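# A closer look at the structure
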Amino acid sequence: MPNIVIFSGSSHHDLSQKVADRLGLELGKVVTKKFSNQETCVEIGESVRGEDVYIVQSGCGEINDNLMELLIMINACKIASSYRVTAVIPCFPYARQDKKDKGTRVPNVPFLSQNVNHYELGNVYPSCRSEPKQPPALPWHESNWKAAVQEGKGRAPISAKLVANMLSVAGADHIITMDLHASQIQGFFDIAVDNLYAEPAVIQWIKENIPEWKNGIIVSPDAGGAKRVTSIADRLNVEFALIHKERKKANEVDRMVLVGDVKDRVAILVDDMADTCGTVCHAADKLLSAGATKVYAILTHGIFSGPAISRINNAAFEAVVVTNTIPQEEKMKQCPKIQVIDISMILAEAIRRTHNGESVSYLFSHVPL
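Computed from a predicted model, the values in this text were never measured in an experiment. (Residues numbered from 1 in each chain as written. Predicted model: local features only at pLDDT ≥ 70, side-chain atom pairs only at ≥ 80, totals over all residues. Heavy atoms only, no water.)

## Thoughts on the overall build of the protein chain
The following threshold applies: Helix numbering and strand numbering both begin at the N terminus, where a helix is a DSSP run of H or I of at least 4 residues and a strand a DSSP run of E of at least 2. Accessible area is worked out with a 1.4 Å probe on protein chains only. A residue is then buried under 20% of its type maximum, exposed over 50%, and partly exposed in between. For this analysis, residues touch if any pair of their heavy atoms sits within 4.5 Å. Computed by Shrake-Rupley with a 1.4 Å probe, the accessible areas treat only the displayed protein chains as cover when residues are assessed.
Scanning the protein chain from N- to C-terminus turns up 10 helices and 16 strands. Counting the 369 residues in the protein chain, one finds 49% classified as buried. Counting contacts in the protein chain only where the partners sit at least 6 residues apart, residues at least 24 apart contribute 63% of the total. Accessible surface, the protein chain: about 18,500 Å² in total, of which carbon and sulfur atoms supply 49%.

Given below as structure tokens:
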């Protein structure tokens, strides 16, 4: 059987080191640098011929640079005759761009282009592409179209599928990731994908750190996370609730409706990721106004971009708990409410079981000792 070699990308070296320490290995030698024109250069510093290679790179920080670095590392190992290349991606990049959004239909009104001196009526009369005899009275200017695109009315890509294709073409044979934003992303790949769950570690943290957890209620901040919270609520034998949100624009929540009774209970918000934290902070306010005694937030991927830290500091959370799929050291210095669950042992055990040809389904419900 080939030996394991673990390489670390530059996105989260600390997590890679913890995984290697757990397995009793040293990280492989790799040098990553950039040329003066910002091209990424990767040099593998040891032989990987016939080896079982694992590359740990999370989708955080400079996401596009880190993704490109991962692709180049995969390709470098593949063409160096490695036995198998597995990409360990704790936080999958572009996971939220997993479908073409429904969007609102752009109104059937003419658009006055700045580049031509006549009205284009193609949107109103598909067969009419020339200058009309009588221009319409109320043209739709280019600024209106830009605003429509910003509001999600434009044509959207499925970027998660594109990333899947790029990883496959680069030479990845296997993907290990955690808490995909949508489980269906596994179907974007034609190679094996192991989607691990932080749920066992979350349940363990709740039991060890929330004394009143038996009087708690697990809450999903959106309808999409209902399956996640019902699974946790069932295992803790407590009730669950969810908050239905309506968005007018991306990263901006318009209205929230609470479904469930949280009065005189400890509310535990659970979600797969938090970016600007507008949703979870609005949800915390909603829960407190509905009678919750305390509010905790437990999130797998703490992205915390933009105004996230100031929002958490101003919100009434007892604690905001995230895993270390993304580095949190700097964020913890800025916000004392943030606490971290270490999931390196889950990733390490998944690597060990994959290498030895064992099942990883044990990790779906247990935290490795």
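This is not the end of the story, as more comes after the structure.
## Regarding the packing of aromatic side chains
By convention here, two paired aromatic rings are described through the distance between centres and the angle between planes. Operational definition: Two rings belonging to Phe, Tyr or Trp (six-membered ring only in the last case) form a pair when the distance between their centres is within 6.5 Å. Interplanar angles under 30 degrees mark stacking, angles over 60 mark edge-to-face geometry, and anything in between is tilted.
Enumeration over the complete set of coordinates arrives at 3 aromatic pairs. Both rings, one in Phe 92 and one in Phe 189, keep their centres 6.0 Å apart while their planes meet at 80°; by these two values the pair is edge-to-face. One end of the pair, Phe 92, is in the loop between strand E5 (84-89) and strand E6 (111-112); the other, Phe 189, is in the loop between strand E8 (174-178) and strand E9 (192-196), and 97 residues separate them in sequence. Both residues of the pair, Phe 92 and Phe 189, count as buried.

## Here we look at the packing of helix H5 (residues 199-209) against helix H6 (residues 226-236)
Operational definition: Each axis is a line fitted through C-alpha atoms, and for a helix only the stretch in contact is used; angles between axes span 0 to 180 degrees, taken between their N-to-C directions. We call two directions roughly parallel when the angle between them is under 35 degrees, roughly antiparallel when it is over 145, roughly perpendicular when it lies between 65 and 115, and oblique otherwise. Here a crossing is called left-handed whenever its near helix is offset anticlockwise from the far helix by less than a right angle, and right-handed whenever the offset is clockwise.
One can describe the packing of H5 onto H6 by two numbers: an axis separation of 11 Å at closest approach and a directional angle of 50°. Here H5 lies oblique to H6, going by the angle between them. For the pair H5 and H6, the crossing hand works out as right-handed. Taking contact as the criterion, the partners of Glu 199, Pro 200, Val 202, Ile 203, Ile 206 and Lys 207 in H5 are, on H6, Arg 228, Ser 231, Ile 232, Arg 235 and Leu 236.

## A look at the sheet that holds strand E1 (residues 4-8)
The condition that has to hold: The criterion for strand pairing is that DSSP finds at least two bridges linking the strands in question.
Overall, parallel pairing links the 5 strands, which are arranged E1-E4-E5-E8-E9 in an open sheet. The open sheet has two free edges, formed respectively by E1 and E9, since each of these has just one partner strand. Going across the sheet, the axis of each strand differs from the next one's by a mean of 20°, ignoring polarity. Together, E1, strand E4 (52-56) and E5 form the strand contacts of helix H2 (residues 63-78), whose direction differs from that of E5 by roughly 165°.

## Some words on unusual backbone geometry
In this model, Asp 264 sits at a positive phi of 60°, which is unusual for a non-glycine residue. Positive phi is not limited to glycine here, since Phe 304 has a value of about 50°. On the secondary structure map, Phe 304 appears in the loop between strand E14 (294-302) and helix H8 (308-314). Residue Phe 304 is classed as buried on the basis of its relative accessible area, which comes to 4%.

## Looking at the pairing of strand E10 (residues 216-220)
Most of E10 is tucked away, with 5 of its 5 residues classed as buried. Of the two faces of E10, the one holding Gly 216, Ile 218 and Ser 220 and the one holding Ile 217 and Val 219 are both buried throughout.

## Focus: the environment of Glu 212
Heads up, the rule is: Whenever a nitrogen or oxygen atom comes within 3.5 Å of another N or O atom, the pair is scored as a polar contact, on the condition that within protein one atom can donate a hydrogen and the other can accept it, and that pairs from neighbouring residues in sequence are kept only if both atoms are in side chains.
Its location among the elements puts Glu 212 in the loop between H5 and E10. Leaving out residues up to four positions away in the same chain, Glu 212 has contacts with Val 266 and Lys 294. At 2.8 Å, the side chain of Glu 212 and the side chain of Lys 294 are in polar contact.

## Details of the nonpolar core
One broad rule of soluble globular proteins: the nonpolar side chains tend to lie buried together. Spelled out, the test is: The term nonpolar core refers to a set of buried residues drawn from Ala, Val, Leu, Ile, Met, Phe, Trp, Tyr and Cys, joined through side-chain atoms within 4.5 Å.
If you look at the biggest cluster of nonpolar residues, it comprises 44 residues, and the most contacted ones within it are Ile 206 and Ile 218. A total of 6 residues in this core trace back to one element, the largest contributor, which is helix H10 (residues 344-356). Those residues within four positions of Ile 218 in sequence are excluded, and the remaining contacts are Val 229, Ile 232, Ala 233, Leu 236, Val 238, Glu 239, Phe 240, Ala 241, Ile 268 and Val 270. Val 5, Ile 89, Leu 167 and Ala 182 belong to the second largest nonpolar core, which has 30 residues in total.

## Focus on the pattern of salt bridges
We count it as follows: Take a side-chain nitrogen of Lys or Arg and a carboxyl oxygen of Asp or Glu: if they are within 4 Å of each other, that pair is a salt bridge.
Applying the stated rule across the entire model yields 15 salt bridges. In this structure, Glu 358 and Arg 352 form a salt bridge, with 3.3 Å as the shortest nitrogen-oxygen distance. Given a relative accessible area of 35%, Glu 358 falls into the partly exposed group.

## As for the state of the cysteines
Put simply, the rule is: Our working definition of a disulfide is a cysteine sulfur pair at a distance within 2.5 Å.
Per the stated rule, a full pass over the model turns up 0 disulfides. Of all cysteine sulfurs, the one in Cys 60 lies closest to Cys 91, which takes part in no disulfide; the gap is 6.9 Å. Owing to a relative accessible area of 4%, Cys 91 belongs among the buried residues under this scheme.

## Some remarks on the confidence of the model for the protein chain
Low pLDDT marks regions whose predicted coordinates should not be analysed in detail. To be explicit about the condition: Values of pLDDT, ranging from 0 to 100, describe the predictor's confidence in every residue of the model.
Averaged over all residues, the pLDDT of the protein chain equals 87, while 83% of them reach at least 70. Counting contacts from residues 104-133, a segment whose pLDDT is below 50, to residues more than four positions away or on other chains yields 47 contacts.

## Brief notes about the side chain of Asp 271
Relative to the helices and strands, Asp 271 is located in strand E13 (residues 266-274). Among the residues examined, Asp 271 registers a relative accessible area of 8% and is labelled buried. Once you skip the residues sitting within four places of it in the chain, Asp 271 turns out to touch Pro 221, Asp 222, Arg 228, Ile 298, Leu 299 and Thr 300.

## Things to note about the environment of Ser 11
With respect to the element layout, Ser 11 can be found in the loop between E1 and helix H1 (13-23). Linking Ser 11 and Gln 57, residues 46 residues apart in sequence, is a C-alpha distance of 5.9 Å. With sequence-adjacent residues up to four places away left out, Ser 11 is seen in contact with Gln 57, Ser 58, Cys 60, Asn 66 and Pro 327. In this structure the side chain of Ser 11 is engaged in a polar contact, spanning 2.9 Å, whose partner is the backbone nitrogen of Ser 58.

## Concerning H6
What counts is decided by this rule: Arc definition: directions from the helix axis to the C-beta atoms.
Where H6 is concerned, the buried positions are Ala 226, Val 229, Ile 232, Ala 233 and Leu 236. Looking down the long axis of H6, one finds its buried residues gathered within 135° of arc, a one-sided arrangement. Turned more than 90 degrees from where H6 packs its buried face, Lys 227 and Asp 234 sit exposed.

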